[in-house]
Amino acid sequence: MIQKTFTFGYEWEIPILTNDLMPVKDKDVDDIAHKLRNKFPWSRTGYDFISRDGKMLEIKSGILNSYKELIEKTSLQMEELKNLCKEKGVVFFPIGTHPVIGGACGLHVHIGSIYNIKELTLIANSSVRYLPCFAALAANSPVWEFEAKEYKSYRVKKFANWASNIRGITKPEFVQRDWADDVCVSIIRSGHPTIELRIGDSPSSVQFAIEYVGFVVAFFANLIKNERMNLTHQAYVESIENRWRATKLGLQAVFLWDGKKIEVTDVLKKMLETADFESLGIDSPNLIKKMLKLRQTQADWQLLLYKYNNDTHSFAKTISNEIMRGDVLKDYLSKAIELPPEKCLSIENYILENIGIETPYLELYELLQLPHQVIQQKLENLEKSGHIKIQKNQEKGIVYSRVFHS
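Below: a short report on this structure. Computed from a predicted structure; not experimentally measured. Throughout, residues of each chain are indexed from 1 in the direction in which the sequence is written. Side-chain atom pairs in this predicted model are given and counted only at pLDDT of 80 or more, local residue features only at pLDDT of at least 70, and totals for whole chains, interfaces and linings cover all residues. Calculated side-chain values reflect all of the structure's heavy atoms, with hydrogen atoms and water omitted.

Regarding helix 3 (residues 117-127)
Because each turn of an α-helix spans 3.6 residues, side chains separated by three or four positions end up pointing in the same direction. Filter applied, for reference: A simple rule labels every residue: compare its accessible area, found with a 1.4 Å probe on the protein chains alone, to the largest value its type can have, and call it buried under 20%, exposed over 50%, or partly exposed in between. Segments assigned H or I by DSSP are reported as helices when at least four residues long, segments assigned E as strands when at least two residues long, and all are numbered from the N terminus. Between N or O atoms, a polar contact is any pair within 3.5 Å; within protein, one atom must be a potential hydrogen donor and the other a potential acceptor, and residues adjacent in sequence are included only when both atoms are from side chains.
The set of residues buried in helix 3 consists of L120, T121, I123, A124, N125, S126 and S127. N-cap assignment for helix 3: the residue whose side-chain oxygen lies 3.1 Å from the backbone N of K118 is N116.

So, in structure tokens, the structure goes:
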């Protein structure tokens with residue numbers, strides 16, 4: 001029987017940039033992290049790498065025992081971080097990916113002080129079908145390589161540079177190292193296991209970050225105490241396909257759920273209803289509830305800014321300035337309109353769009369990371385319907401070519 005109390009924490013990855021929007025020198029990131037740890041001895045803040053171009057700051061909450069502690073420690077570190085950035089004349093830039101150099105910046109949530117790794121594995125498996133909902137809610141990386149393209153979360157679309165991948169479902173007795181999936185059982189060097197949710201983009205709003213962490217903890221609390229769902233093959237495949245829909249449309253996405261179409265916002269509302277907020281002393285996530293009502297994400301705020309300022313460097317500077325002034329998401333939602341749900345996007349059409357001439361199998365697998373049996377069946381179906389031609393080659397393996405009909 002799993003205990004009914006546990007601890008939690010987070011890692012919030014934030015790029016710190018020069019005025020020309022490139023990563024600052026590594027020593028500047030180290031200095032900011034050192035000053036935060038020196039002022040707040042409970043802080044575990046350090047660094048990670050945004051790309052080969054340099055370090056980014058990683059705000060680490062340390063072990064948290066209550067929602068009150070989450071609010072206080074997050075607010076203290078973020079206020080001090082903003083002050084340090086002002087003093088150093090550097091750019092505070094909390095979003096999911098740098099719009100010019102790329103990179104992946106996330107908000108990773110840990111649930112800990114549960115020591116049975118088998119139970120943690122089963123809980124992580126049970127959570128898989130809900131992961132696309134968290135991805136849609138946290139979407140905050142819509143500008144990639146100088147322009148806004150098709151997705152509200154390029155970070156999740158690109159699997160966070162292979163640091164947030166589809167979870168492979170394995171029986172607990174066969175599990176070994178488990179890391180770098182959208183959700184995983186992370187065992188740190190001390191040997192203390194936690195469930196780690198890695199799918200969320202780095203947020204621009206402190207209030208959203210607090211509510212998101214609280215929601216994740218309350219939702220997993222319900223799984224820990226009540227639910228042991230055997231993940232079906234259908235639910236697993238739907239979760240992978242819904243993940244892509246979430247990256248593209250955020251809270252406007254329509255999912256497939258047990259074979260039926262449902263808005264992601266409706267699933268999230270049910271998740272809020274079952275989440276164990278009360279026993280954990282967590283306040284109602286009013287900002288998140290407003291986002292669901294309007295189907296608006298932080299990515300939609302960015303896209304509105306980009307619409308009126310599509311020079312990427314100027315756009316990025318505007319984002320930083322707005323974030324420094326206050327809670328941008330709260331202000332944005334007070335004026336935002338309700339967005340409509342979009343249609344349920346076809347996975348087969350998406351796969352077909354990415355087939356050219358002799359497209360290798362690996363490229364198509366990496367679009368979604370569907371199980372090999374599933375993606376191969378979809379490709380065979382496209383061949384049967386006359387949309388593609390499949391060829392086998394000893395050197396290239398299996399390649400796929402689009403058939404265009406006159």
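Considering the layout of surface pockets
This is how the line gets drawn: As defined here, a cavity is a set of points on a 1 Å grid over the protein atoms alone where a 1.4 Å probe fits but cannot get out. A pocket is an open set with protein on both sides within 12 Å along at least five of seven lines, and residues line them when an atom is within 4 Å of a point. Grid points are joined across faces, edges and corners, and a volume is the space filled by probe spheres set on the points. Polar here means any residue outside two lists: the nonpolar Ala, Val, Leu, Ile, Met, Phe, Trp, Tyr, Cys and Pro, and the charged Asp, Glu, Lys and Arg; Gly therefore counts as polar.
Considered as a void within the structure, the largest pocket measures approximately 1400 Å³ in volume. In terms of lining residues, the largest pocket is bounded by 47 residues, among which E11, K60, H110, S186 and I188 are the most central. Secondary-structure elements contributing two or more residues to the lining of the largest pocket are strand 1 (7-14), strand 3 (46-51), strand 4 (54-60), strand 6 (107-112), helix 3, helix 6 (159-162), strand 9 (183-187) and strand 10 (193-197). Among the elements that make up the lining of the largest pocket, the one with the highest residue count is strand 1 (6 residues). Among the residues making up the lining of the largest pocket, the classes are represented as 18 nonpolar, 16 polar and 13 charged. In this structure, the second largest pocket encloses a volume near 260 Å³. In terms of lining residues, the second largest pocket is bounded by 18 residues, among which S75, M78, K82, V206 and Q207 are the most central. Counting only elements with at least two residues in the lining of the second largest pocket, the list comes to helix 2 (67-88) and helix 7 (206-225).

Some remarks on the pattern of salt bridges
The criterion, for reference: Salt bridges are identified by distance alone: a Lys or Arg side-chain nitrogen within 4 Å of an Asp or Glu carboxyl oxygen.
In the structure shown here, the tally under the stated rule is 21 salt bridges. Among the salt bridges present, the one from R243 reaches D182, with a minimum N-O distance of 2.8 Å. On the criterion of sequence distance, the pair formed by R243 in helix 8 (residues 233-249) and D182 in the loop between helix 6 and strand 9 is long-range, its members being 61 residues apart. D182 carries the same exposure label as R243, and that label is buried. Between R198 and E196 there is a salt bridge, and its shortest N-O distance comes to 2.8 Å. Among the charged side chains, a network of salt bridges with common partners joins K27, D28, D31, K35 and K88.

Remarks on helix 9 (residues 264-274)
Where we set the bar: The reported arc concerns the directions from the helix axis to the C-beta atoms and nothing else. The contact criterion used throughout is that any non-hydrogen atoms of two residues lie within 4.5 Å.
Residues of helix 9 that are buried: V264, T265, V267, L268, M271 and L272. Down the axis of helix 9, the sector holding all buried residues measures 155°, keeping them to one side. Away from its buried face, by an angle of more than 90 degrees, helix 9 presents the exposed residues K270 and E273. Of the surrounding elements, those touching the buried residues of helix 9 are helix 4 (131-138), helix 7, strand 11 (254-257), strand 12 (260-263), helix 10 (277-280) and helix 11 (286-294).

Focus on the sheet that holds strand 13 (residues 359-360)
Counted only if it meets this: Pairing between strands requires that DSSP locate at least two bridges from one strand to the other. Orientation is described by lines fitted to C-alpha atoms, with helices fitted over the stretch in contact, and by angles between N-to-C directions that extend from 0 to 180 degrees.
Strand order in the open sheet made by the 3 strands is 13-15-14, with antiparallel pairing throughout. Strands at the two margins of the open sheet, each flanked by one partner only, are strand 13 and strand 14 (388-393). Bridge count for strand 13 against strand 15 (residues 397-402) is 2 bridges, and the pairing is antiparallel. Following the sheet pairing, P360 is matched in strand 15 by V399. Strand contacts of helix 17 (residues 372-384): strand 14 and strand 15, with the helix running at about 120° to strand 14, the strand carrying the most contacts.

Focus on the environment of K171
Position of K171 among the secondary structure elements: in the loop between helix 6 and strand 9. Take K171: its relative accessible area is 54%, and that puts it in the exposed class. The sequence separation of K171 and T318 amounts to 147 residues, and the corresponding C-alpha distance is 48 Å.

Topic: the packing of aromatic side chains
Aromatic ring pairs are reported here in terms of the distance separating the ring centres and the angle at which the planes meet. The line we're drawing: Think of it this way: a Phe, Tyr or Trp ring, Trp meaning its six-membered ring, pairs with another when their centres are within 6.5 Å, and the plane angle makes it stacked under 30 degrees, edge-to-face over 60, tilted otherwise.
For the coordinates displayed, the defined rule picks out 16 aromatic pairs. Pairing F215 with F277 gives two aromatic rings, centres 6.3 Å apart and planes at 25°, and the pair type is stacked. Placement of the pair is F215 in helix 7 and F277 in helix 10, with a sequence separation of 62 residues. The same class applies to F215 and to F277, which are both buried.

Description of empty space enclosed by the protein
Throughout the structure, instances matching the rule amount to 2 cavities of 30 Å³ or more. Of all the elements in the fold, those that place two or more residues in the lining of the largest cavity are helix 4 and helix 8. In terms of residues, the lining of the largest cavity owes the most to one element, helix 8, which gives 4 residues. Taken together, the residues that form the lining of the largest cavity break down as 6 nonpolar, 1 polar and 3 charged. Considered as a void within the structure, the second largest cavity measures approximately 40 Å³ in volume. Lining the second largest cavity are K157, F159, I240, R243, W244, L367 and L368.

Describing the environment of N65
When you line up the elements, N65 lands in the loop between strand 4 and helix 2. Taking the C-alpha atoms as reference, N65 lies 36 Å from T318; in sequence the two are 253 residues apart. Discounting chain neighbours no more than four positions away, the residues touching N65 are T7 and F8.

Thoughts on the pairing of strand 15
Across 6 bridges, strand 14 lies against strand 15 in antiparallel orientation. By the bridge assignment, I388 is partnered in strand 15 with R402. Hairpin connection, strand 14 to strand 15: the antiparallel pair is bridged by 3 residues.

Digging into unusual backbone geometry
Its identity is not glycine, yet L21 carries a phi of approximately 70°, on the positive side. Relative to the elements of secondary structure, L21 occurs in the loop between strand 2 (16-17) and helix 1 (26-39). The buried category is assigned to L21, whose relative accessible area is 2%. Non-glycine residue Q369 carries a positive phi angle of around 60°. Judged by its relative accessible area of 9%, Q369 falls in the buried class.

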